[in-house]
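Topology and contacts: notes
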Amino acid sequence: MKFIFAKFVLAPAVLAAVALAATSAKAEVTLKVPFNFTADGKICPAGYYTVHHDDNGSFVTLTSKGSSQIFTWVVGPGVAPPNSRKIALKFDEVGDSHVLQSVQYGTLSTSRLDKKALRDERESNQLTGGR
């Protein structure tokens with residue numbers, strides 16, 4: 001009987017923790033990017049960027065605090081562990097520059113955003129012999 005009672009008492013606490021995680025994951029988060037980078041073919045200056053996840057759960061928006069640049073992408077299930085609250089911008093180094101690879105928002109992530117930049121870099125390396 002104690003075992004059944006414990007399940008009924010603990011179940012709401014677990015559900016409350018999950019609801020809290022889901023609610024706090026909807027907030028805006030500001031991240032500092034210490035270098036210039038490219039996103040969707042546009043040069044973005046180093047500085048502060050806000051990451052916002054929409055209420056419907058399908059989109060993530062990256063907004064520059066120092067300029068009028070705004071980017072929105074579709075998000076889907078990522079590789080983060082369940083209940084992850086990590087919010088991150090991931091970059092690739094292409095030559096001497098950085099290119100935004102993906103945006104992680106909790107357990108969600110964009111698909112790879114820099115496919116064209118990496119393809120262009122590979123083609124350039126093939127033409128110059130990898131120099």
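Small disclaimer: the values here were computed from a predicted structure and weren't measured.

With respect to the overall build of the protein
Counting secondary structure elements, the protein contains two helices and ten strands. Reading the secondary structure of the protein in the N-to-C direction produces α-β-β-β-β-β-β-β-β-β-β-α. Classification of the 131 residues of the protein by burial places 32% in the buried group. Long-range pairs, those at least 24 residues apart, make up 42% of the contacts in the protein between residues at least 6 apart in sequence.

A look at the nonpolar core
Formed by 18 residues in total, the largest nonpolar core has its most connected members in Val51, Leu62, Leu89 and Leu100. Elements supplying a minimum of two residues to this core: β1 (29-33), β2 (37-39), β4 (47-53), β5 (59-64), β6 (70-74), β8 (87-94) and β9 (97-105). Ranked by residues supplied to this core, first place goes to β9 with three residues.

Section: the side chain of Ser64
On the secondary structure map, Ser64 appears in strand β5. Taking the relative accessible area as the measure of exposure, Ser64 reaches 7% and is therefore buried. The contact partners of Ser64, leaving out residues within four places of it in the chain, are Tyr48, Tyr49 and Gln69.

Brief notes about the side chain of His53
Tracing the backbone shows His53 in strand β4. Residue His53 is classed as buried on the basis of its relative accessible area of 4%. A polar contact is formed between the side chain of His53 and the backbone oxygen of Gly57, at a distance of 3.4 Å.

Describing the pattern of salt bridges
Scanning the entire structure with this criterion turns up two salt bridges. Of the charged contacts, one joins Asp92 and Arg112 as a salt bridge, the two residues approaching to 2.3 Å between their closest N and O atoms. Of this pair, Asp92 sits in strand β8 while Arg112 is found in the loop between β10 (108-109) and α2 (115-128), placing the two residues 20 residues apart along the sequence. Given a relative accessible area of 37%, Arg112 falls into the partly exposed group. One salt bridge connects Arg112 with Asp114, and the closest N-O pair in it is separated by 2.9 Å.

Remarks on the sheet that holds β4
Sheets are built from strands paired through backbone hydrogen bonds, the pairs being either parallel or antiparallel. Pairing within the open sheet is antiparallel, and its four strands lie in the order β1-β4-β5-β6. Two strands bound the open sheet, and with one partner strand each, they are β1 and β6. Across the sheet, the axes of successive neighbouring strands diverge by a mean angle of 25°, strand direction being ignored. Across five bridges, the pairing between β5 and β6 is antiparallel. What sits directly across from Phe59, in β6, is Val74.

The rules behind each value
Residues numbered from 1 in each chain as written. Predicted model: local features only at pLDDT ≥ 70, side-chain atom pairs only at ≥ 80, totals over all residues. Heavy atoms only, no water. Helix = DSSP H or I, 4+ residues; strand = E, 2+ residues; numbered from the N terminus. Buried < 20%, exposed > 50% of the residue type's maximum accessible area, 1.4 Å probe, protein only. Contact = heavy atoms within 4.5 Å. Core = buried A, V, L, I, M, F, W, Y, C linked by side-chain atoms within 4.5 Å. Polar contact = N/O pair within 3.5 Å; in protein donor to acceptor, adjacent residues only side chain to side chain. Salt bridge = Lys/Arg side-chain N within 4 Å of Asp/Glu carboxyl O. Pairing = 2+ DSSP bridges. Axes fitted to C-alpha atoms, helices over the stretch in contact; angles between N-to-C directions.

Function cannot be inferred from these measures alone, as they are strictly geometric.
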